[in-house]
Amino acid sequence: MSKKTKASWAEPYKIKMVELLKMPTISQRKKMIIEAGYNTFLLKSKDVYIDLLTDSGTSAMSDRQWAGLMLGDEAYAGSENYYNLEKSVKKYYGYKYIIPTHQGRGAENILSKILIKKGDIIPGNMYFTTTRLHQELAGGTFIDVIIDEAHDSKSLHPFKGNIDLKKVEALISKYGKDKIPYICVATTVNMAGGQPISLENLKQLRTLTKKNNIKIILDMTRIAENAYFIKLREKGYSKKSIASIVKEICDQTDGATMSAKKDALVNIGGFLAINDKELFEEASNLVVVYEGLHTYGGLAGRDMEAMAIGIQESVSDNHINARIGQVLYLGEKLKEAGIPIVEPIGGHGIFLDAKRFLPHIKQDHYPAQTLAAEIYIDSGVRTMERGIVSAGRNSKTGKNYYPELELVRLTIPRRVYTQAHMDVVAESIIKVYKRKEKIKGLKMTYEPKYLRFFQAKFEKL
Ligand code: PLI
């Protein structure tokens, strides 16, 4: 009997310009990682071969976006490009009002300042580093209400980004609805391994929050990737377009913060979107303090034009199929070799489970930080820690958080690398896995106060 073979797919673009890669030698890499204090954030880009540190601001723009840069209207006030961006946000996401910001955390800062009062509780489907910090700086406390499966790297739940509604109900009865200004809902939850939330779950949350007069604010940073998983896995969506699913997600919410550096295919930019006119006016006023006038929010006109075009390209079915297809390709290769990764494979990268990869290294000796450094030494591939270092300390008690997930993220920039690059990455991880017993942990020698993972330094034990 003939075996049915799956049709191959290919990138829905061809390459018009290339950037030559740097190829540091092994002795250079050994020296550089020590100088960087075993922190891949502190490496120089010129010392990196394949850069999987992040998918943030690292996408390749299309020729249409580059052409858009030339249409930059660099007026201080009322730039034409702002109105194009506003049109794009309304058309594809449906929000009424938008305020551009220099990137996602600019929007988080303004949102937190206008909505959070001291002593408030902000439930969310797993923390994100900058989001939680802005909530705390505004006087709030983040509480995780994601389903338990999200903390288990082996669980095959199709929507590990879902919110546990019972946990939300318990918070409402414990603190009272007036202490909860909004629920922060992320699409494809970054720290859980790029795991999606289902529309069914979001709609149930909408019903619960409406009843209690609590807002839903979306972190829509990777919304198109979430829509892909809904189309693939949720009943009733297989024939819908990514664009229509994206719109349906936004329709369940009251506003959103966006880091356009991810899904929206630009190297810089973000925005705050909101449906309430009064909140919009308050945010428009505050943005002039922190970012710039409300019609540019810290961006050049050309950046807003590239974002307006990127939003449109990001919701194309062809684009998203190829984008996640490449992530799956790498993940399947690693799975076949027996490498422990977070499953199901997520939207923006592969997450190695460092607790299972290096079981002999205690969490206090930073297994994920260690593994990211070892991968760099092996091949010059740069990855990122998403474990105890990223989790940081409780801002009230000063004690370290000990997250269940101790991960190394291989984040795939959009439209940048080829399948052959993915082969090289997989080979390097497999090589490191073969010598895992010989790998020793790290000790932290410098710890900055905020978001320590960016700048902390380490030494080998
Ligand atoms: O890096 P920003 O300020 O544009 O965006 C902050 C931000 C908010 N939400 C989520 C889910 C993010 O992933 C995010 C930034 N992520 C980075 C930088 C990353 O490497 O994943």
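Residues numbered from 1 in each chain as written. Predicted model: local features only at pLDDT ≥ 70, side-chain atom pairs only at ≥ 80, totals over all residues. Heavy atoms only, no water.

Draft legend 1. Focus on the packing of helix 4 (residues 104-115) against helix 5 (residues 129-137). The contact between helix 4 and helix 5 brings their axes to 9 Å, and the two run at 25°. With respect to helix 5, the axis of helix 4 lies roughly parallel. Along this stretch, helix 4 crosses helix 5, giving a crossing that reads as right-handed. Contact residues: R105, E108, N109 and S112 in helix 4; T130, T131, H134 and Q135 in helix 5. For the contact of helix 4 with helix 5, the per-class residue count stands at no nonpolar, 6 polar and 2 charged. (Axes fitted to C-alpha atoms, helices over the stretch in contact; angles between N-to-C directions. Helix = DSSP H or I, 4+ residues; strand = E, 2+ residues; numbered from the N terminus. Parallel < 35°, antiparallel > 145°, perpendicular 65-115°, else oblique. Left-handed = near helix turned anticlockwise from the far one by under 90°. Contact = heavy atoms within 4.5 Å. Nonpolar A, V, L, I, M, F, W, Y, C, P; charged D, E, K, R; others polar.)

Draft legend 2. Inspection of the side chain of S428 at higher detail. Among the secondary structure elements, S428 is positioned in helix 16 (residues 419-434). Apart from residues no more than four positions distant in its own chain, S428 is found in contact with I375, D378 and S379.

Draft legend 3. Here's a closer look at the nonpolar core. Counting residues in hydrophobic clusters, the biggest one holds 58 residues, and the most contacted among them are Y93, M220 and F271. With residues near it in sequence (within four places) discarded, M220 still touches Y93, Y95, T187, C250, A256, T257, M258 and F271. Judged by nonpolar contacts, the second largest core, of 31 residues, contains V327, F357, L410 and I412. (Core = buried A, V, L, I, M, F, W, Y, C linked by side-chain atoms within 4.5 Å. Buried < 20%, exposed > 50% of the residue type's maximum accessible area, 1.4 Å probe, protein only.)

Draft legend 4. Region of the structure containing the pairing of strand 12 (residues 407-411). Most of strand 12 is tucked away: 5 of the 5 residues are buried. Here strand 12 shows no split at all, with L407, R409 and T411 on one side and V408 and L410 on the other all buried. The sheet contact formed by strand 9 (residues 349-353) and strand 12 spans 5 bridges and is antiparallel. Bridging across to strand 12, I350 finds its partner in L410. (Pairing = 2+ DSSP bridges.)

Draft legend 5. Molecular detail of the state of the cysteines. On inspection of all chains with the given rule, the structure shows 0 disulfides. In this model C184 remains outside any disulfide bridge; the closest cysteine sulfur is found in C250, 14 Å from its own. The class for C250 is buried, based on a relative accessible area of 2%. (Disulfide = S-S within 2.5 Å.)

Draft legend 6. Structural view of the environment of A150. By the element assignment, A150 lies in the loop between strand 4 (141-144) and helix 6 (165-175). Spatially, the C-alpha atoms of A150 and N162 are 8.3 Å apart, while their sequence positions differ by 12 residues. The contacts of A150, once residues within four sequence positions are left out, are M126, K160, A192 and L405.

Draft legend 7. Highlighting the pattern of salt bridges. Tallied over the full model, the rule gives 32 salt bridges. Of the charged contacts, one joins R323 and E225 as a salt bridge, the two residues approaching to 2.6 Å between their closest N and O atoms. Highlighted residues: R323 in helix 12 (residues 317-336) and E225 in helix 8 (residues 223-233), separated in sequence by 98 residues. Neither R323 nor E225 differs from the other in exposure class; each is buried. Linking K231 and D317 is a salt bridge whose minimum nitrogen-to-oxygen distance equals 3.2 Å. Taken together, the positions of K231 in helix 8 and D317 in helix 12 put the pair 86 residues apart, joining distant regions of the chain. Salt bridges sharing common partners tie together D55, R222, E225, D263, R323 and R414. (Salt bridge = Lys/Arg side-chain N within 4 Å of Asp/Glu carboxyl O.)

Draft legend 8. Broad picture of the site of the ligand. For the ligand, the set of nearby residues contains 17 residues, the closest of which are T54, R105, D219, S259 and K262. Between Q103 and the ligand, the recorded distance is 2.9 Å, taken from a side-chain N or O atom to an oxygen atom. A distance of 2.9 Å separates an oxygen atom of the ligand from a polar atom in the side chain of R222. When the ligand sits alone it has 470 Å² of accessible area, and the protein chains cover 94% of it. Among the elements that line the shell around the ligand, the one with the most residues is helix 4, at 3 residues. Residues of the shell around the ligand, tallied by class, amount to 2 nonpolar, 8 polar and 7 charged. (Near = heavy atom within 4 Å. Polar contact = N/O pair within 3.5 Å; in protein donor to acceptor, adjacent residues only side chain to side chain. Areas by Shrake-Rupley, 256 points an atom, 1.4 Å probe, with all protein chains shown as cover.)

Draft legend 9. Examining the packing of aromatic side chains more closely. Inspection of the entire model under this criterion finds 10 aromatic pairs. Aromatic pair Y76 and Y296: ring centres 5.1 Å apart, planes at 75°, arrangement edge-to-face. Taken together, the residues span a long stretch of sequence, with Y76 in the loop between helix 2 (63-69) and helix 3 (80-93) and Y296 in the loop between helix 10 (277-290) and helix 11 (301-314) at a distance of 220 residues. Residue classification places Y76 among the exposed positions, given a relative accessible area of 56%. Residues F453 and F454 carry aromatic rings whose centres are separated by 4.2 Å and whose planes lie at 40° to one another, so their mutual orientation is tilted. Members of the aromatic cluster, connected to one another through ring pairs, are F41, F453 and F454. Against the face of Y127 rests R132, its NZ or CZ located 4.1 Å from the ring centre. In this arrangement the basic side chain of K436 is found over the ring face of Y433, its NZ or CZ atom lying 4.3 Å from the centre. (Phe/Tyr/Trp six-rings, centres within 6.5 Å; stacked < 30°, edge-to-face > 60°. Lys NZ or Arg CZ within 6 Å of the ring centre and 35° of its normal.)

Draft legend 10. Structural detail: the sheet that holds strand 9. What the 3 strands build is an open sheet, ordered 9-12-11; its pairing is antiparallel. Of all the strands in the sheet, the pair left with one neighbour each is strand 9 and strand 11 (384-386). Going across the sheet, the axis of each strand differs from the next one's by a mean of 35°, ignoring polarity. Set on the sheet, helix 12 makes contact with strand 9 and strand 12; between it and strand 9 the angle comes to about 25°. Where helix 14 (residues 367-379) meets the sheet, its contacts fall on strand 9, strand 11 and strand 12, and the angle it forms with strand 12 comes to roughly 40°.

Draft legend 11. Quick peek at the environment of H102. Looking at where H102 falls in the secondary structure, it is placed in the loop between strand 2 (97-101) and helix 4. You can call H102 partly exposed: its relative accessible area is 28%. Separated by 170 residues in the primary sequence, H102 and L272 have C-alpha atoms spaced 10 Å apart. Beyond its immediate sequence surroundings of up to four residues, H102 is in contact with I268, G269, G270, E291, G297, G298 and L299.

Everything listed here is a matter of geometry and, on its own, says nothing about what the molecule does.
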